[in-house]
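Here are the chains, one letter per residue:
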Amino acid sequence: METQLPILCYHQGKIMPLADAKIGILTHAMSYGTGCFEGIRAYYNADHGQLYIFRAREHFERFHQSARILMIDVKLDPDALVKMTIDLLSQSNLHTDAYIRPMAYKTDEAIGVRLHNLKDDIYIACLPFGNYIDVDRALNVGVSSWKRVDDNMIPARGKITGSYVNSAFAKSEAQMNNFDEAIMLDNDGHVSEGSAENLFMLRNGIAYTPPVTSNILEGITRQTIMTLLREDLNIPVVERVIDRTELYVCDELILCGTGAQIAPVGTVDHRPVGNGGIGKVGHSLQNLYFDVVRGKVAKYSNWCTPVHVEARQPLTIG
Ligand SMILES: Cc1ncc(COP(=O)(O)O)c(C=O)c1O
């Protein structure tokens with residue numbers, strides 16, 4: 001059931017219709033990229049009549065971490081931000097998959113590039129949302145000519161608006177060269193991440209992922225996958241530096257992120273990964289992940305925050 005109510009957002013300290021939330025054209029964050037944000041999904045489970053926000057608390061903890069890097073003071077703590085998001089989704093009466101976009105940013109309409117002595121604000125916007133990347137087929141990816149921003153340039157562990165120009169260069173280059181997605185290397189030439197995804201490589205029964213010091217965003221889905229691989233699929237996970245050509249010889253390659261969800265890769269730089277389709281581990285992970293995010297796996301129910309008070313029901317599997 002699609003909502004008839006206006007979609008609501010939190011902006012300038014108030015809840016208001018999303019359509020009414022506006023900022024001035026000289027806003028500092030607009031001019032200089034001085035904002036940080038989150039991308040959070042909520043999944044609707046029709047059997048439960050419930051919308052579940054996935055790993056809400058972890059996203060808002062990272063939101064605070066990004067804001068701290070940018071010298072932005074977010075007045076609401078992570079628990080209050082989760083509560084505000086529940087209120088927005090619930091009052092918008094959303095009964096469909098949704099995307100939540102919190103932003104903390106420098107609001108001054110001022111000329112002058114800096115981080116200090118500026119006013120901050122936050123907004124939280126919610127909107128209905130489907131797949132960001134095709135998850136029904138294996139992706140064709142290419143290693144980008146654009147390098148990932150280094151920690152001493154724009155720290156990738158902060159989800160900073162300005163750094164997404166780096167991702168946008170890589171994504172457009174990839175798509176204009178007929179790839180689905182880009183893999184970016186760091187300045188040392190080691191594998192970092194996709195334009196908006198972390199990655200896992202399977203070699204001889206072990207899953208490898210670049211460490212948090214490889215200029216990656218410290219992904220929440222990455223954390224989720226590490227747990228699911230270890231606890232449910234009995235696959236050891238190792239965080240270590242990955243070479244570009246390891247991607248050419250690995251058994252499976254999987255991109256993951258809130259937007260991309262679980263996106264197995266079929267080719268890298270035109271070379272097939274495994275048999276070029278969705279591999280065994282990628283397939284199992286997709287099935288498990290989509291059950292987990294929709295609140296169907298009891299042992300991970302603490303990752304799923306229910307939105308609609310009247311629909312809270314017992315979980316079913318596991
Ligand atoms: C650059 C980048 N890396 C990785 C990710 C995956 O992070 P998460 O799983 O927390 O969404 C994202 C997505 O938000 C991203 O933008």
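This write-up is about the structure you can find in this document.

Reading the values: the criteria
Residues numbered from 1 in each chain as written. Predicted model: local features only at pLDDT ≥ 70, side-chain atom pairs only at ≥ 80, totals over all residues. Heavy atoms only, no water. Helix = DSSP H or I, 4+ residues; strand = E, 2+ residues; numbered from the N terminus. Rg over C-alpha atoms; globule rule 2.2 N^0.38 Å. Contact = heavy atoms within 4.5 Å. Near = heavy atom within 4 Å. Polar contact = N/O pair within 3.5 Å; in protein donor to acceptor, adjacent residues only side chain to side chain. Areas by Shrake-Rupley, 256 points an atom, 1.4 Å probe, with all protein chains shown as cover. Phe/Tyr/Trp six-rings, centres within 6.5 Å; stacked < 30°, edge-to-face > 60°. Lys NZ or Arg CZ within 6 Å of the ring centre and 35° of its normal. 1 Å grid on protein atoms, 1.4 Å probe; cavity = no way out; pocket = protein on both sides within 12 Å on 5 of 7 lines; lining within 4 Å. Points joined across faces, edges and corners; volume = space filled by probe spheres on them. Nonpolar A, V, L, I, M, F, W, Y, C, P; charged D, E, K, R; others polar. Salt bridge = Lys/Arg side-chain N within 4 Å of Asp/Glu carboxyl O. Buried < 20%, exposed > 50% of the residue type's maximum accessible area, 1.4 Å probe, protein only. Expected span 1.5 Å × (residues − 1). Axes fitted to C-alpha atoms, helices over the stretch in contact; angles between N-to-C directions. Parallel < 35°, antiparallel > 145°, perpendicular 65-115°, else oblique. Left-handed = near helix turned anticlockwise from the far one by under 90°. Pairing = 2+ DSSP bridges.

**Some words on the overall build of the protein chain**
- Within the protein chain, the regular secondary structure consists of seven helices and 17 strands.
- Rg of the C-alpha trace for the protein chain: 20 Å, near the compact-globule value of 20 Å for 318 residues, within the 12% margin.
- On the principal axes, the C-alpha backbone points of the protein chain span a range of 50 × 50 × 30 Å.
- Pairs at least 24 residues apart make up 70% of the contacts formed inside the protein chain by residues separated by at least 6 positions.

**A few points about the site of the ligand**
- Surrounding the ligand, one finds 16 residues, the nearest of these being Arg62, Tyr164, Glu193, Thr221 and Thr258.
- The separation between a nitrogen atom of the ligand and a polar side-chain atom of Glu193 is 2.6 Å.
- Contact between the ligand and Thr221: an oxygen atom at 2.5 Å from a side-chain N or O atom of the residue.
- Contact with the protein chains hides 97% of the accessible area of the ligand, taken as 380 Å² for the molecule alone.

**Re the packing of aromatic side chains**
- Summed over the entire model, instances satisfying the criterion amount to nine aromatic pairs.
- Between Tyr289 and Phe290, the aromatic rings sit 5.8 Å apart at their centres with planes inclined by 75 degrees, giving edge-to-face as the arrangement.
- With centroids separated by 4.5 Å and ring planes inclined at 15 degrees, the aromatic side chains of Tyr300 and Trp303 adopt a geometry described as stacked.
- Positioned above the aromatic ring of Tyr248, the side-chain terminus of Arg271 is 4.1 Å from the ring centre.

**Looking at the layout of surface pockets**
- In this model, the largest pocket occupies a volume close to 490 Å³.
- Considering the residues around the largest pocket, the lining is formed by 28 residues, among which Phe37, Tyr99, Lys159, Tyr164 and Ala196 are closest to the centre.
- Looking at the lining of the largest pocket, the elements that each hand over two or more residues are β6 (98–106), α4 (164–176), α5 (220–232) and β14 (252–257).
- Looking at which element gives the most residues to the lining of the largest pocket, the answer is α4, with four residues.

**Comments concerning empty space enclosed by the protein**
- Here the structure, examined in full by the defined rule, presents one cavity of 30 Å³ or more.
- Roughly 50 Å³ of volume is contained in the largest cavity.
- Surrounding the largest cavity, Arg41, Tyr43, Phe54, His59, Ile220, Thr221, Thr258 and Tyr289 form its lining.
- Of all elements in the fold, only β4 (40–45) and α5 reach the threshold of two or more residues within the lining of the largest cavity.
- Counted by class, the lining of the largest cavity contains four nonpolar, three polar and one charged residues.

**What about the pattern of salt bridges?**
- In total, this model carries 20 salt bridges according to the counting rule given.
- The salt bridge partner of Arg137 is Asp180, with a shortest N-O separation of 2.8 Å. With Arg137 in the loop between β7 (120–128) and β8 (139–143) and Asp180 in the loop between α4 and β9 (181–185), the pair connects residues that are 43 residues apart, well separated along the chain.
- By relative accessible area, which is 34% here, Arg137 ends up partly exposed.
- Across the pair Glu239 and Arg222 runs a salt bridge whose closest N-O atoms are separated by 2.7 Å. Of this pair, Glu239 sits in strand β13 (residues 237–239) while Arg222 sits in helix α5, placing them 17 residues apart in sequence.
- Several salt bridges share partner residues, and in doing so they unite Arg57, Glu61 and Asp79 into one network.

**A few points about helix α3 (residues 78–91)**
- Look at α3: 20 Å from first C-alpha to last across 14 residues, which is about the 20 Å you get at 1.5 Å a residue.
- Along α3, the residues classified as buried are Pro78, Leu81, Val82, Met84, Thr85, Ile86, Leu88 and Leu89.
- At the exit of α3 stands Asn93, carrying a positive phi of roughly 55 degrees.

**Examining the environment of Arg222**
- Given the relative accessible area of 2%, Arg222 is considered buried.
- For the pair Arg222 and Val297, spaced 75 residues apart in sequence, the C-alpha to C-alpha distance is 18 Å.
- Residues in contact with Arg222, not counting those within four places in the same chain, are Asn198, Phe200, Thr209, Pro210, Pro211, Val212, Ile216, Glu239 and Cys256.

**Regarding the packing of helix α2 (residues 56–69) against α3**
- It is at 9 Å that the axes of α2 and α3 come closest, and there the two elements cross at 125 degrees. Here α2 lies oblique to α3, going by the angle between them. Once α2 is placed against α3, the crossing between them reads as right-handed. Residues Ala56, Arg57, Phe60, Glu61, Phe63 and His64 of α2 lie in contact with α3, whose contacting residues are Pro78, Asp79, Leu81, Val82 and Thr85.

**So, the pairing of strand β1 (residues 8–11)**
- Side-chain alternation along β1 places Leu8 and Tyr10 on one buried face and Cys9 and His11 on a second face that is also buried.
- Of the pairings in the sheet, the one linking β1 to strand β2 (residues 14–17) comprises four bridges and is antiparallel in character. Bridge pairing in β2 places Tyr10 opposite Ile15.
- Linking β1 back to β2 in an antiparallel pair, the connection comprises two residues, with Gln12 at a positive phi of about 50 degrees.
- Summarising the sheet, β1 and β7 pair through three bridges and their orientation is antiparallel. Counterpart to His11 in the pairing with β7 is Tyr123.

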